[in-house]
Amino acid sequence: MNRWRFTLVLVLGLSGMLSAGSFDRNCVPCHRKEGVSLRKTFMNALLIYSGEHNMKAGLKYFLRHPSKETSVMGEEYFKNHRLMPPSTLSDRELEEALDEYWERYKVIGRLR
Ligand code: HEC
């Protein structure tokens, strides 16, 4: 690879890492590791908390205070899965992540 091409790839790679939003940094890695689909949790959440405002407010609370009783995953799910650990993200990071989550998956919600 020539030197300029290498520099370009490096710069693009680094800027991609820095510009990754709160959602990609704070939510996606753990969900991938745990094998919990963010698409499926979105659909469950959308059905239970109706509307954007309720869903964001409800999830913001849940992510900080997870409990089986208030989870959208249903009793069955917890027979062989554990609850997520409480989030320690700041208000800003959490709200940013939820805004990105909504923007990314709302189309799927509309399609079904
Ligand atoms: C440390 C791992 C981890 C992190 C970090 C994490 N999650 Fe989760 N999340 C889980 C697991 C495991 C579940 C399934 C069990 C549960 O609902 O508690 C879950 C469940 C959920 C659910 C379903 C909620 C419910 O009512 O049960 C939503 C929505 C969700 N996550 C979104 C997010 C968002 C958005 C973020 C980033 C702000 C995030 N998660 C960060 C592991 C994580």
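Residues numbered from 1 in each chain as written. Predicted model: local features only at pLDDT ≥ 70, side-chain atom pairs only at ≥ 80, totals over all residues. Heavy atoms only, no water.

Caption draft 1: Spotlight on the side chain of Ser71. Mapped onto the fold, Ser71 is located in the loop between helix H5 (52–64) and helix H6 (91–111). A relative accessible area of 12% places Ser71 in the buried class. A distance of 2.9 Å separates a polar atom in the side chain of Ser71 from the backbone nitrogen of Met73. In this structure, Ser71 is in contact with Phe62 and Phe78, ignoring residues within four places of it in sequence. (Helix = DSSP H or I, 4+ residues; strand = E, 2+ residues; numbered from the N terminus. Buried < 20%, exposed > 50% of the residue type's maximum accessible area, 1.4 Å probe, protein only. Polar contact = N/O pair within 3.5 Å; in protein donor to acceptor, adjacent residues only side chain to side chain. Contact = heavy atoms within 4.5 Å.)

Caption draft 2: Spatial organisation of H5. Between its terminal C-alpha atoms H5 stretches 18 Å, which fits the 18 Å expected from 13 residues at 1.5 Å a residue. Three or more residues of H5 are buried, namely Met55, Lys56, Gly58, Leu59, Phe62 and Leu63. (Expected span 1.5 Å × (residues − 1).)

Caption draft 3: Looking closely at the nonpolar core. Ranked by size, the top nonpolar core spans 25 residues in total, and within it Phe23, Phe42, Tyr49, Met55, Leu59, Tyr101 and Tyr105 carry the most contacts. Of all the secondary-structure elements, those providing two or more residues to this core are helix H4 (38–48), H5 and H6. Residue contributions to this core peak at seven residues, all from H6. Leaving out residues up to four positions away in the same chain, Phe42 has contacts with Met55, Tyr101, Trp102, Tyr105 and Lys106. (Core = buried A, V, L, I, M, F, W, Y, C linked by side-chain atoms within 4.5 Å.)

Caption draft 4: Structural context of the packing of aromatic side chains. One pass over the structure, following the stated rule, counts seven aromatic pairs. Look at Phe23 and Tyr101: their rings are 5.1 Å apart centre to centre, the planes differ by 25°, and that puts the pair in the stacked class. Here Tyr101 lies in helix H6 and Phe23 lies in helix H2 (residues 22–26), a separation of 78 residues in the sequence. The two residues Phe23 and Tyr101 agree in class, both being buried. Three or more aromatic residues joined by ring pairs form one cluster here, namely Phe23, Phe42, Tyr101, Trp102 and Tyr105. (Phe/Tyr/Trp six-rings, centres within 6.5 Å; stacked < 30°, edge-to-face > 60°.)

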